[in-house]
Amino acid sequence: MEQRSIAFIGAGNMARSIIAGLVCSGYPADKITATAPGPARREPLARDYGIHTGDDNLLAAEQAEVIVLAVKPQLMEEVCRPLQGIDLSGKLVISIAAGISAQRLNEMLATELNLVRVMPNTPSLIGKGMSGMYASDLVAAADKAFAENLMRAVGEVCWVEQESGINGIIAAAGSAPAYFFLFMEAMQTEAIRQGFDPQTARLLVQQSAAGAAEMVVANPDTELATLREQVTSKGGTTAEALRTFNEHQLSDTVAKAMRAAISRAEEMEKLF
Ligand SMILES: NC(=O)C1=CN([C@@H]2O[C@H](COP(=O)(O)OP(=O)(O)OC[C@H]3O[C@@H](n4cnc5c(N)ncnc54)[C@H](OP(=O)(O)O)[C@@H]3O)[C@@H](O)[C@H]2O)C=CC1
Ligand SMILES: O=C(O)[C@@H]1CCC=N1
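Since the model is a prediction, treat every value here as computed from it, not as a measurement. (Residues numbered from 1 in each chain as written. Chains lettered and ligands numbered in written order. Predicted model: local features only at pLDDT ≥ 70, side-chain atom pairs only at ≥ 80, totals over all residues. Heavy atoms only, no water.)

So, about the site of ligand 2. With respect to spatial proximity, the complete set of residues near ligand 2 consists of A98, G174 and S175. Contact with the protein chains covers 48% of the free accessible surface of ligand 2, which is 250 Å². (Near = heavy atom within 4 Å. Areas by Shrake-Rupley, 256 points an atom, 1.4 Å probe, with all protein chains shown as cover.)

Here is the structure:
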């Protein structure tokens with residue numbers, strides 16, 4: 001893929017996940033810089049992946065061809081304002097922030113940005129990310145292609161036609177790893193109650209989750225419901241477990257949780 005110089009503004013969980021995935025996929029580390037005010041998360045990135053790091057956002061952004069805005073939404077305005085001094089016209093700006101619209105980013109940086117909004121997730125760290133992407137018609141095809149290839153280096157990508165679709169991506173992918181971790185935590189806790197030591201309980205849960213996910217990936221033409229039915233013997237144990245989930249409206253709970261994530265993103269669009 002094309003190799004442009006990239007400045008990550010923010011060196012936290014999500015920046016680290018993308019940087020790790022990129023470097024492991026062969027993207028040259030010396031083309032990547034990450035900035036953060038404190039050394040605690042910035043310096044391990046230099047040590048672990050050989051990228052450049054620093055605390056000078058302005059310098060990093062000025063020197064880069066691509067700027068990835070990777071700070072918390074509530075800090076975005078404070079971080080963007082000083083960057084207004086830079087000529088951003090020839091640069092591609094990628095924002096991974098939830099709940100900050102393209103229009104707000106244009107306001108924060110006081111220019112019509114060449115902007116791609118990306119909603120990634122943390123499995124990018126191991127090349128298993130899922131990113132949703134949005135760009136307006138004003139963004140050049142070459143920039144869209146670069147952004148897509150960048151995220152493809154760390155996982156799968158899909159585009160949304162409307163910017164509001166990014167909030168749906170948050171619910172279905174950006175936030176989603178946490179749902180599965182919560183589910184696994186609950187299972188591990190109960191397995192421990194059933195007498196397994198924590199390590200074995202984790203092994204039982206993680207191997208089942210990884211195996212189930214791999215089966216989904218390996219059988220793209222098989223409906224998820226069919227895979228579920230293949231485990232569920234009539235009158236057996238799985239049927240009882242699933243009946244309990246259904247009795248407690250698991251599907252409704254999942255739907256409500258995903259809608260809550262979307263509502264929060266919409267709320268953040270007004271707040272920040
Ligand atoms: N975590 C996730 O799974 C996902 C997150 N996102 C989005 O990614 C963005 C970052 O989230 P996440 O990585 O979780 O957040 P973190 O809190 O882990 O990281 C934020 C980073 O921003 C840095 N920072 C704070 N102030 C500044 C500043 N003035 N200049 C430069 N850097 C600064 C922090 O520095 P320091 O290290 O010194 O504290 C830290 O490195 C958010 O907008 C979020 O919506 C999107 C999809 C998934
Ligand atoms: O929790 C959040 O707001 C961010 C966006 C998606 C995942 N983490």
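Now that the structure has been shown, the text picks up again.
Spatially, β3-β2-β1-β4-β5-β6-β7-β8 is the arrangement adopted by the eight strands of the open sheet, whose pairing is mixed. Two strands in the sheet have a free side with no partner beyond their single neighbour: β3 (52-54) and β8 (155-159). Mean inter-strand twist for the sheet, computed between neighbouring axes without regard to direction, equals 20 degrees. Note that strand β1 (residues 6-9) and strand β2 (residues 32-35) share four bridges and pair parallel. The residue bridging F8 from the neighbouring strand is A34, located in β2. (Pairing = 2+ DSSP bridges. Helix = DSSP H or I, 4+ residues; strand = E, 2+ residues; numbered from the N terminus. Axes fitted to C-alpha atoms, helices over the stretch in contact; angles between N-to-C directions.)

Looking at the protein, the domain boundaries give domain 1 (6-166) and domain 2 (176-269). Each of domain 1 and domain 2 has a C-alpha centre, and the two are 31 Å apart. When domain 1 packs against domain 2, close to 460 Å² is buried across both sides, 64% of that on carbon and sulfur atoms. Its largest share of buried area at the contact with domain 2, domain 1 owes to G99, N121 and T122, together 51% of the area lost on that side. Taken together, the links from domain 1 to domain 2 amount to one residue pair in polar contact (both at pLDDT 80 or more). Split by residue class, the side of domain 1 that touches domain 2 holds four nonpolar, three polar and one charged. (Domains from an automatic or database assignment. Buried area = accessible area lost by both parts, 1.4 Å probe. Polar contact = N/O pair within 3.5 Å; in protein donor to acceptor, adjacent residues only side chain to side chain. Nonpolar A, V, L, I, M, F, W, Y, C, P; charged D, E, K, R; others polar.)

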